[in-house]
Each structure stands twice: as structure tokens, then as C-alpha cells.
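# Results of the structural survey
Listed here are the chains, written in short residue letters.
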Amino acid sequence: MSTWRLESRCWAPCNGVPLDDRGFRYGMSVFETIAIHRGRSLLPDEHLQRLARATQSVGWGGVVVPGLPRELMEGQSTGVIRIYVTAGPGRPGDGFSGSVYALFEDCETGTEFSPQRIASSSAPYLPAAGGWKTGNYWQNVREQLSAKSLGVDDVLLFNPSGALVCASMANVFLEAGGIWMTPPVESGARDGVMRAWVMKRVPVEETLLGPDDVAGCTGCFLTNSRIGVRAVSEIDGRPLRTDVTALQRLCRDLIFSA
């Protein structure tokens, strides 16, 4: 794991985030996760554009982050780089004086096609406004841990009104009657890069979905920048016959193997 900081539009290695940074103290940060596959960043421009929109949305003026540093990429193999924009030091109500950090972490990325088993969470999920990824990620982590306790790979999260939002770490797509559907950003779903990539290639309806839609779906898959496209074989103990092999191969060939 290595950490870099953006200083005067140049990246430099650093030892971590200062303790007085509000990103650390209060979770006042937004981030994007960029997959690294065999030393190559995947869809970096799309991620950095979303990061700029996120900082604009939270009132930080649309912070523009330059491309990833060559030095950060060299020697890396497979994993993810998380780019964080933090509120910077100060009290909660102070203006933005933030910093930008890049954190590389080794992990597997999305050429694995093994299906996922998922379950529905009973805990109301409070998504971040605008569907952005923020430093307040404790609830997502807690739900991921609950998936392990249930003996499944992930859980589906529903907002307090009962609308499906996402999985703990991924966007979700459901199939019913031959139609693919996904929750809209207005419900709290993340405006994910892989979500957008799928929606350019597969006819998908953005619509409010609830527990009945989950119970009645015939297919399901998850997406994020690390896993790519991952089929779901079971929801709440009910087997599914999800076939997204063609989409998975397209994702592998156009993104991970390009």
C-alpha cells in the first residue's frame, strides 16, 4: 500500500493523512476507485470527471484532479487506486481548504467470472446525497461484514422508504420479464463508472425497485470498478439463472484486456 498527495498539481509521496484533516476526523471527503490491472489504470478519465462533479455537488467548487502520476503506476500490478478529496484541516463549519490523496491497494480485479450469492439487508440504508462515494463509509463496511455473517458474498441495501439502492460495495441490476432494471441515482444509487458503461451497451430501465422486485426477479448482476460485471446466482436463498457471460467477456476484452 502506498500513499501520494497532490501538491501544486504535482503528485508526491506522503506518509498519510494528517490527524487534523476533516476527511479523517469527520469523514468529510469524496473519493473514486480506479482499478489497476497489470500496471494499467482502467477508465481513469471517467472516474476523475465524476470526482470533479462530486466536489462541485458538495460545495467545494469542482476540484479538478490531474491524471495519475507515472511514478505511482510504475511497479504496481493489480489492485485499486482510491483518489480522495478531503475538506482539509479546520472545524466542521469552516470553508474548503482541502487536499487530494491517492492510495494504492493490492487486490484482485474483474476477470473473475464466479457468480455471487447475495441476501437482502434488513437495516435501512442512508445513502450519501447525489450518490457520491464519501468518507462516511462505515455503514457500507458494516453491511459487507453482515454479508459474511450470513454466509453470502454481499447484501442488497434499501433506503428508509424501502427503495432498493445498491449492494454494499456495488451497483445492482435486476432482470424481470426479459427487461434489465437498475435503481436511479435519485434513490441513492451510486453514479458508478461501470454502471454507466453497462447502460451504454445493454437496454436498461432506471426505475424505483423494492423488495417485491427483488423477490420476483429472474436475473441479477453487480458492477463496480474492481469486479467489473459479476453475475448473481442466488438472492435470499432463491436460485437465479443469470446469464451475462457475453457482457462479462465484453467488459474483460474492452476494459481489463485492452
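The preceding data block contains the structure.
The sections below set out a description of the structure shown in this document. (Residues numbered from 1 in each chain as written. Predicted model: local features only at pLDDT ≥ 70, side-chain atom pairs only at ≥ 80, totals over all residues. Heavy atoms only, no water.)

### Some thoughts on helix 7 (residues 245-256)
- Looking at helix 7, one finds that the buried residues are Leu-247, Gln-248, Cys-251, Ile-255 and Phe-256. Relative to the axis of helix 7, the buried residues are bounded by an arc of 105° and lie together on one face.
- Residues of helix 7 that are buried sit in contact with strand 3 (29-37), strand 4 (40-41), helix 5 (193-199), strand 13 (219-224) and strand 14 (228-235). (Buried < 20%, exposed > 50% of the residue type's maximum accessible area, 1.4 Å probe, protein only. Helix = DSSP H or I, 4+ residues; strand = E, 2+ residues; numbered from the N terminus. Arc of directions from axis to C-beta. Contact = heavy atoms within 4.5 Å.)

### Section: the packing of aromatic side chains
- Considering all chains together, one arrives at five aromatic pairs under this definition.
- Ring centres 4.9 Å apart and planes at 65° place the aromatic pair Trp-180 and Phe-221 in the edge-to-face group. Of this pair, Trp-180 sits in strand 11 (residues 179-182) while Phe-221 sits in strand 13, and the two are 41 residues apart along the sequence. Here the two residues Trp-180 and Phe-221 agree in accessibility, since each one is buried.
- Taken together through their ring pairs, the aromatic side chains of Phe-31, Tyr-84 and Tyr-137 make up a single cluster. (Phe/Tyr/Trp six-rings, centres within 6.5 Å; stacked < 30°, edge-to-face > 60°.)

### Considering the side chain of Ser-29
- Within the fold, Ser-29 resides in strand 3.
- Here Ser-29 is in contact with Gly-23, Trp-60, Tyr-84, Val-85, Thr-86, Lys-133, Thr-134 and Gly-135, once residues within four sequence places are set aside.

### Considering unusual backbone geometry
- The phi dihedral of Arg-9 falls on the positive side, at around 65°, and the residue is not glycine.
- Assignment of secondary structure puts Arg-9 in the loop between strand 1 (2-7) and strand 2 (10-13).
- The backbone of Leu-43 sits at a positive phi, close to 55°, despite the residue not being glycine.

### Considerations on the nonpolar core
- Core analysis: the largest hydrophobic core is formed by 21 residues, its most contacted members being Trp-11, Val-65, Ile-81, Ile-83, Val-85 and Val-100.
- Of all the elements in the fold, those that place two or more residues in this core are strand 1, strand 3, helix 2 (44-57), strand 5 (79-86) and strand 6 (100-106).
- Counting 18 residues, the second largest nonpolar core, distinct from the first, contains Ile-118, Met-181, Leu-209 and Val-214. (Core = buried A, V, L, I, M, F, W, Y, C linked by side-chain atoms within 4.5 Å.)

### Some remarks on the pattern of salt bridges
- In this structure the tally under the stated criterion is seven salt bridges.
- One salt bridge in this structure joins Arg-117 and Glu-234, with 3.5 Å as the shortest N-O distance. Of this pair, Arg-117 sits in strand 7 (residues 116-124) while Glu-234 sits in strand 14, and the two are 117 residues apart along the sequence.
- With relative accessibility at 18%, the residue Glu-234 sits in the buried group.
- Arg-252 is the partner of Asp-253 in a salt bridge, and the nearest nitrogen-oxygen pair spans 3.2 Å.
- Residue Asp-253 is classed as partly exposed on the basis of its relative accessible area, which comes to 41%.
- A relative accessible area of 29% means that Arg-252 is categorised as partly exposed. (Salt bridge = Lys/Arg side-chain N within 4 Å of Asp/Glu carboxyl O.)

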